[in-house]
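Take a look at the letters that make up each chain.
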Amino acid sequence: MATQQVEITLAHPIGTEVAAELGLPPRKYRVGETIQVTYQVAARLAAGGRVAGADPMRPSTYQTAIRTIPPAVGKADKPGSSKKTGEAS
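Throughout, residues of each chain are indexed from 1 in the direction in which the sequence is written. At least 70 in pLDDT is required for a residue's local features to be given in this predicted model, at least 80 for side-chain atom pairs to be given and counted, and no such filter applies to totals for whole chains, interfaces and linings, which use all residues. Note: side-chain values were computed over all heavy atoms of the structure, leaving out hydrogens and water.

> Talk me through the overall build of the chain; I want residue IDs and the actual numbers.
Secondary structure assignment for the chain yields four helices and four strands. To sort residues, take the accessible area from a 1.4 Å probe on protein chains only and compare it with the maximum for the residue type: under 20% means buried, over 50% means exposed, and anything in between is partly exposed. Every one of the 89 residues in the chain was classed for burial, and the buried ones make up 34%. Whether two residues touch is decided by their heavy atoms; if any such pair falls within 4.5 Å, the residues are in contact. In the chain, the share of contacts with a sequence separation of at least 24, taken over all contacts with a separation of at least 6, comes to 61%. For the chain, the exposed surface amounts to about 5,700 Å²; the carbon and sulfur share of it is 57%. What counts as a helix is a DSSP run of H or I of at least four residues, what counts as a strand is a run of E of at least two, and both are numbered from the N terminus. For every accessible area listed, the method is Shrake-Rupley and the probe measures 1.4 Å; residues are considered covered only by the protein chains on display.

Encoded structure:
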C-alpha cells in the first residue's frame, strides 16, 4: 500500500537534524514554506505545533491544515519537496 502524500505549510522552522529524523531531505526548512510529506509526518508535525493552521490542542483543525494531493501530482513530486508560499507551480 502506498503512503499518502500531503502538503503542509510550516508555522515554525525545521532544522537539518529534525528533517533527517522525519525522513525529509536534510536541510533547513523555513517558516511559511510549503512541503510535501507523508500523512503520518504531517500529523506528527501538526501535533508538535509546527503546521500553520493546526492547533495542537484541537486535533479537529488538522484536517484543514493538512492538504491532500491528488495521486497523479503526488507521484510526480518527490517526498519532502517544497515550494515557497506564493510561488508559481
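> Describe in detail the side chain of threonine 61, supporting the description with residues and values.
Inspection of the secondary structure assignment puts threonine 61 in the loop between α2 (39–47) and α3 (62–65). Within the local environment of threonine 61, its side chain forms a polar contact with the backbone oxygen of arginine 58, the two atoms lying 2.7 Å apart. Discounting chain neighbours no more than four positions away, the residues touching threonine 61 are Gly53, Ala54 and Asp55. Polar contact is defined as a pair of N or O atoms within 3.5 Å, subject to the rule that within protein one atom must be able to donate a hydrogen and the other to accept it, and that residues adjacent in sequence are counted only when both atoms are side-chain atoms.

> Any chance you could break down the nonpolar core for me, citing the residues and the numbers?
Buried Ala, Val, Leu, Ile, Met, Phe, Trp, Tyr and Cys residues that are joined via side-chain atoms within 4.5 Å together make up what is termed a nonpolar core. Core analysis: the biggest nonpolar cluster contains 19 residues, and Ile8 and Val37 have the highest contact counts within it. Those elements that place two or more of their residues in this core are β1 (5–9), β2 (33–38), α2 and α3. The element best represented in this core is α2, accounting for four residues. Setting aside residues up to four positions removed in sequence, isoleucine 8 forms contacts with Glu33, Thr34, Ile35, Val37, Ala42, Leu45, Val51, Ala65, Ile66 and Arg67.

> Quick rundown of the packing of aromatic side chains? Include the residues and the values.
Two aromatic rings from Phe, Tyr or Trp, using only the six-membered ring of Trp, form a pair when their centres are within 6.5 Å; if the ring planes differ by under 30 degrees the pair is stacked, by over 60 it is edge-to-face, and anything between is tilted. With the rule as written, the count across this model stands at zero aromatic pairs. Against the face of tyrosine 29 rests arginine 27, its NZ or CZ located 3.9 Å from the ring centre. Lysine and arginine charges are scored as sitting over a ring when NZ or CZ, respectively, is within 6 Å of the ring centre and within 35 degrees of the ring normal.

> Before we move on, could you go through the environment of isoleucine 66 and cite the residues and values that matter?
By secondary structure assignment, the location of isoleucine 66 is in the loop between α3 and β3 (67–68). Here the alpha-carbon distance between isoleucine 66 and glycine 53, two residues 13 residues apart in the chain, equals 8.7 Å. Those residues within four positions of isoleucine 66 in sequence are excluded, and the remaining contacts are Val6, Glu7, Ile8, Tyr39, Ala42, Ala43 and Ala46.

> Can you explain α2? Please cite residues and give values.
Listed as buried for α2 are Val41, Ala42, Leu45 and Ala46. Projected down its long axis, α2 shows its buried positions confined to an angular sector of 135 degrees, all on one face. Exposed residues pointing more than 90 degrees away from the buried face of α2 are listed as Gln40 and Arg44. Note on α2: the residue one or two positions beyond its end, glycine 49, has a positive phi of about 80 degrees. Here, the arc refers to the directions that run from the helix axis to the C-beta atoms.

> For the pairing of β2, give the residues involved together with the corresponding values.
Summarising burial for β2: five of the six residues are buried, a large majority. By this definition, two strands are paired if DSSP reports at least two bridges between them. As judged from the five bridges shared by β1 and β2, these two strands associate in the antiparallel manner. Following the sheet pairing, glutamine 5 is matched in β2 by threonine 38.

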